[in-house]
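The lines below spell out each chain.
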Amino acid sequence: MNVTAKKHTLRMFTNGVYILTSRNDEEIGAATVTWVSQASFTPPLLTVAVRPTNSVFRCLAKSAVAVLHVLGHHQTDLAKKFFTPTAVQDGTINGEPFCDGATRAPILSNAPAYLECTVRQIVDQGSDHAVVILEVVDAVCRERVKPLTMADTPWEYGG
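Everything quoted here is computed from the prediction, not taken from an experiment.

**Focus on the pattern of salt bridges**
When charged atoms on two side chains of opposite charge get close, those side chains can pair.
Phase 1: All told, the structure shown has 6 salt bridges when counted by the stated rule.
Phase 2: Glu135 is the salt-bridge partner of Arg120, the closest N and O atoms lying 3.4 Å from each other. Of this pair, Arg120 sits in strand E10 (residues 113–123) while Glu135 sits in strand E11 (residues 130–141), placing them 15 residues apart in sequence.
Phase 3: Residue classification places Arg120 among the partly exposed residues on the basis of a relative accessible area of 48%.

Rendered as structure tokens:
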């Protein structure tokens, strides 16, 4: 396989930029994720690829709840805050205010839309990302926005 062609081709995939949060007991995890897809209408299912070494993965694997936040095309600074390890302080996660959702998973106050989910299945085959199948149990759209995509950012992830 031509490794360069593979990398360039995979980086042409259209990927959104989202923030995934979860909570297990008192531990909170959060991360920016880009490999997300709707997988079913009924029930409403999503697939999300998550690094098993990330705190959000540890939390959702134990609690079986997560929130996927949709970001607006102008929110690259918000997405960037979740490239770093999760830090919870004074009612914020990585400096962003949040509240608990119905599932107790954290909901970011500045996200224009979000989906509260329960974990249906985790497929972890020992690769650098596990595939998490989430069932949407609640949806909130605070503001209809053009969603942030990788094409809107200076970043590359994939390939």
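**Concerning the side chain of Glu96**
Phase 1: Here Glu96 shows up in strand E8 (residues 96–100).
Phase 2: The buried category is assigned to Glu96, whose relative accessible area is 7%.
Phase 3: At 2.5 Å, the side chain of Glu96 and the side chain of Lys81 are in polar contact.
Phase 4: If we ignore the near neighbours within four places in the chain, the residues touching Glu96 are Leu78, Lys81, Phe82, Gly91, Leu108 and Asn110.

**Here we look at unusual backbone geometry**
Phase 1: Note that the residue after Thr42, namely Pro43, is joined by a cis bond; omega there is -5°.
Phase 2: Position of Pro43 relative to the elements: it lies in the loop between strand E3 (36–40) and strand E4 (45–50).
Phase 3: Located in the positive-phi region is Asp25, a residue other than glycine, with phi close to 55°.
Phase 4: By the secondary structure assignment, Asp25 is in the loop between strand E1 (18–24) and strand E2 (27–33).
Phase 5: By relative accessible area, which is 56% here, Asp25 ends up exposed.

Procedures and definitions
- Residues numbered from 1 in each chain as written.
- Predicted model: local features only at pLDDT ≥ 70, side-chain atom pairs only at ≥ 80, totals over all residues.
- Heavy atoms only, no water.
- Salt bridge = Lys/Arg side-chain N within 4 Å of Asp/Glu carboxyl O.
- Helix = DSSP H or I, 4+ residues; strand = E, 2+ residues; numbered from the N terminus.
- Buried < 20%, exposed > 50% of the residue type's maximum accessible area, 1.4 Å probe, protein only.
- Polar contact = N/O pair within 3.5 Å; in protein donor to acceptor, adjacent residues only side chain to side chain.
- Contact = heavy atoms within 4.5 Å.

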